[in-house]
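# Summary of the model geometry
Below are the chains, spelled out letter by letter.
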Amino acid sequence: MLRARHRFWPSGEPQASGNASAHQRLCRCDVATGHIVNSDVFPALLTPSLPLPIRVVFKFVSLMARQHNANQGGPPKPRCRSAAARQARAEKRIAEGHAKKANDKWRASTAVEQVPHFQDDLTHIKASRKTLNQKLRSKKYITVPSKLPADMLRRRVQVPNPFFCEDGSGQGPRDLFARLPQVVTPAVQREAERLYNNIFATIPVRARSRRRGAGADPARKCPKSGDSQVVHLGTWQHYQDVPYITKDSQPASPATQAAIDAFLTFFKSRILPKLGNIITAQYPELAEKMRRVSEYIRSFPHIQEVFQERPALDLGPLFTCAAVSVGGSDRTHIDWMDDPNLLAWVVPLGEFTESSICFPQLGRKYRIRPGDAFGLASRRLAHRAELPLSGRRLVVTLFTDRALVKRAEAMATFSN
């Protein structure tokens, strides 16, 4: 049923419907039958058995209002605020406590799970899978996903770090794990997956089976254990004195390079802004540390030249490198090269059945759904991701290696 909604201002000119005020009287009528649907102008006439003349009058008013709006180019558009007005509005909202109210609302809608039994005993062990497995067995941690209890919640989840201190004297980030549901819409997921597939469409089929990284074959929907190929895009400083662009970010083929830039540009414009706003609001200490790392990276001329030629490789002030893979790792591991005081942010994309990410030290596993985002202390928590039973899962992990953070903090201390 088609309904026309119109407002009558004090001047008598009908305007398009929007948020009603005290002096704006709203009249709604059914174009097909002429029945009044809702009205505070004629409350006594809210009945389907209206006389024919009244129905004709209201239908005529409806058509005239439509014609008026068409001649005027539609309803008046809101005026754009100047930079000074926006700044004044932001200061007013801060003075009125809007940030605190938003933070209180966030906390009220978040499930906080305390883990007083957590022991930070894997951070300083030798970077070896064998050593890690021996340590897990000696501590009698449960590493089999089917034996770990799963959370039944579908809202935000945060697991606070019991060793965290506000003054910075503690160990690790504020939270050990945080899950943010439905950060990426299905349409954005499909487009990101299409752009990721375009990267490998530019590589010959024979070359895919012989190469890792940027030449890996993404055709398999669910790779076998330990067989997931990873592409690292961005900047890091592994075993070097200065930061540098990863090898996967600089393929020899111009077509592959253009496909990588298209994927990163889309990811930066549609996914990173929302995730960055959440990190800045909920983890300001991490955001400030990442900004110092970003300033450190941009202080090198060779990095500046690459960013000018290929702006897509600049992931912004909060992120430095992205690891993109299909499936994920289903072996219990620790990301040895990540910084122990930051969170790695993981965004699973695609169409796949729900799976879980398991933490033996926490004794829990948490759901993974398409479009969710979650942060984890990847250098302190041993973790593994269950492979989905069906579908194809594209995993984007945003991380910062510890060498970058150490050098950036040293430079900030020296400059002060």
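Preceding block: the structure.
In this report, the structure presented in the accompanying data block is examined.

Here is what the cut-offs are and how they apply
Residues numbered from 1 in each chain as written. Predicted model: local features only at pLDDT ≥ 70, side-chain atom pairs only at ≥ 80, totals over all residues. Heavy atoms only, no water. Helix = DSSP H or I, 4+ residues; strand = E, 2+ residues; numbered from the N terminus. Buried < 20%, exposed > 50% of the residue type's maximum accessible area, 1.4 Å probe, protein only. Contact = heavy atoms within 4.5 Å. Axes fitted to C-alpha atoms, helices over the stretch in contact; angles between N-to-C directions. Nonpolar A, V, L, I, M, F, W, Y, C, P; charged D, E, K, R; others polar. Pairing = 2+ DSSP bridges. Patch = residues over 30% accessible without salt bridge, like charges linked within 9 Å, V, L, I, M, F, W, Y side chains within 5 Å. Areas by Shrake-Rupley, 256 points an atom, 1.4 Å probe, with all protein chains shown as cover. Salt bridge = Lys/Arg side-chain N within 4 Å of Asp/Glu carboxyl O. Polar contact = N/O pair within 3.5 Å; in protein donor to acceptor, adjacent residues only side chain to side chain. Expected span 1.5 Å × (residues − 1). Arc of directions from axis to C-beta.

## Observations regarding the overall build of the protein chain
Across its full length, the protein chain carries eleven helices and 16 strands. Here the protein chain, with 416 residues, has 47% of them falling under the buried criterion. Of all intrachain contacts in the protein chain linking residues separated by at least 6 positions in sequence, the fraction that spans at least 24 positions is 72%.

## Some remarks on the packing of helix α8 (residues 272-282) against helix α9 (residues 284-298)
Where α8 contacts α9, the axes come no closer than 5 Å and their chain directions differ by 115 degrees. For the pair formed by α8 and α9, the contact residues are Ile279, Thr280, Ala281 and Gln282 on the first element and Pro284, Ala287 and Arg291 on the second. Broken down by class, the residue content of the contact of α8 with α9 amounts to four nonpolar, two polar and one charged.

## As for the sheet that holds strand β16 (residues 391-399)
The strands that make up a sheet are held in pairs by hydrogen bonds between backbone atoms, and each pair lies either parallel or antiparallel. Spatially, β5-β6-β7-β14-β11-β16-β10-β8-β9 is the arrangement adopted by the nine strands of the open sheet, whose pairing is mixed. Either end of the sheet is taken by a strand with one partner, and the two such strands are β5 (110-112) and β9 (244-245). In this sheet, β16 lies alongside strand β11 (residues 344-352) in antiparallel orientation, the contact comprising eight bridges. Across the sheet, the residue bridging to Glu351 is Arg392, located in β16. Packing against the sheet, α8 makes contact with β7 (175-180), β11, β14 (373-376) and β16, and its axis sits at approximately 140 degrees to β11.

## Quick notes on a nonpolar patch on the surface
Side chains of Val57, Phe60, Val61 and Met64 sit close together on the surface and give an oily, nonpolar patch of about 370 Å² of accessible area. With respect to the helices and strands, Met64 occurs in helix α1 (residues 52-71).

## Focus: the pairing of strand β12 (residues 355-359)
For β12, the buried fraction is high: five of the five residues fall into the buried class. What sits between the antiparallel neighbours β12 and strand β13 (residues 364-368) is a turn of four residues, in which Gly363 has the positive phi angle 70 degrees. One ladder, built from two bridges, connects β12 with strand β15 (residues 384-385); its direction is antiparallel. Counterpart to Cys358 in the pairing with β15 is Arg384.

## Re the side chain of Thr320
Mapped onto the fold, Thr320 is located in the loop between α10 (301-309) and β10 (321-326). A distance of 3.4 Å separates the side chain of Thr320 from the side chain of Thr400, its partner in a polar contact. Excluding its chain neighbours within four sequence positions, the residues that come into contact with Thr320 are Leu233, Gly234, Thr235, Met290, Val293, Ile297, Leu315, Phe399, Thr400 and Leu404.

## With respect to the pairing of β11
Among the nine residues that make up β11, eight are buried, leaving the element largely enclosed by the rest of the structure. The sheet contact formed by β11 and β14 spans three bridges and is antiparallel. Across the sheet, residue Trp345 finds its bridge partner in β14, namely Gly375.

## Points about the pattern of salt bridges
Inspection of the entire model under this criterion finds eleven salt bridges. As a salt-bridge pair, Asp261 and Arg310 come within 2.7 Å of each other at their nearest N and O atoms. You can see Asp261 sitting in helix α7 (residues 254-270) and its partner Arg310 sitting in the loop between α10 and β10, a full 49 residues away along the chain. With respect to burial, Asp261 and Arg310 carry one shared label: buried.

## Comments concerning helix α5 (residues 186-201)
Taking 1.5 Å of rise per residue, 16 residues should cover 22 Å, and α5 covers 23 Å from first to last C-alpha, within 8% of that figure. Those residues of α5 that fall on the buried side of the exposure criterion are Val188, Gln189, Ala192, Glu193, Leu195, Tyr196, Ile199 and Phe200. Taken down its axis, α5 places every buried residue within 160 degrees of arc, on the same side.

## Concerning the sheet that holds β13
Spatially, three strands are ordered β13-β12-β15 in an open sheet, and the strand pairing comes out antiparallel. Of all the strands in the sheet, just β13 and β15 have a single pairing partner and so form its edges. The pairing of β12 with β13 spans five bridges and is classified as antiparallel. By the bridge assignment for β13, Ile357 is matched with Tyr366.

## Side note on the environment of Tyr239
Mapped onto the elements, Tyr239 comes out in the loop between β8 (230-236) and β9. Classification of Tyr239 by relative accessible area gives exposed; the value is 73%. Distance in space between the C-alpha atoms of Tyr239 and Ala403 is 7.9 Å, their sequence separation being 164 residues.

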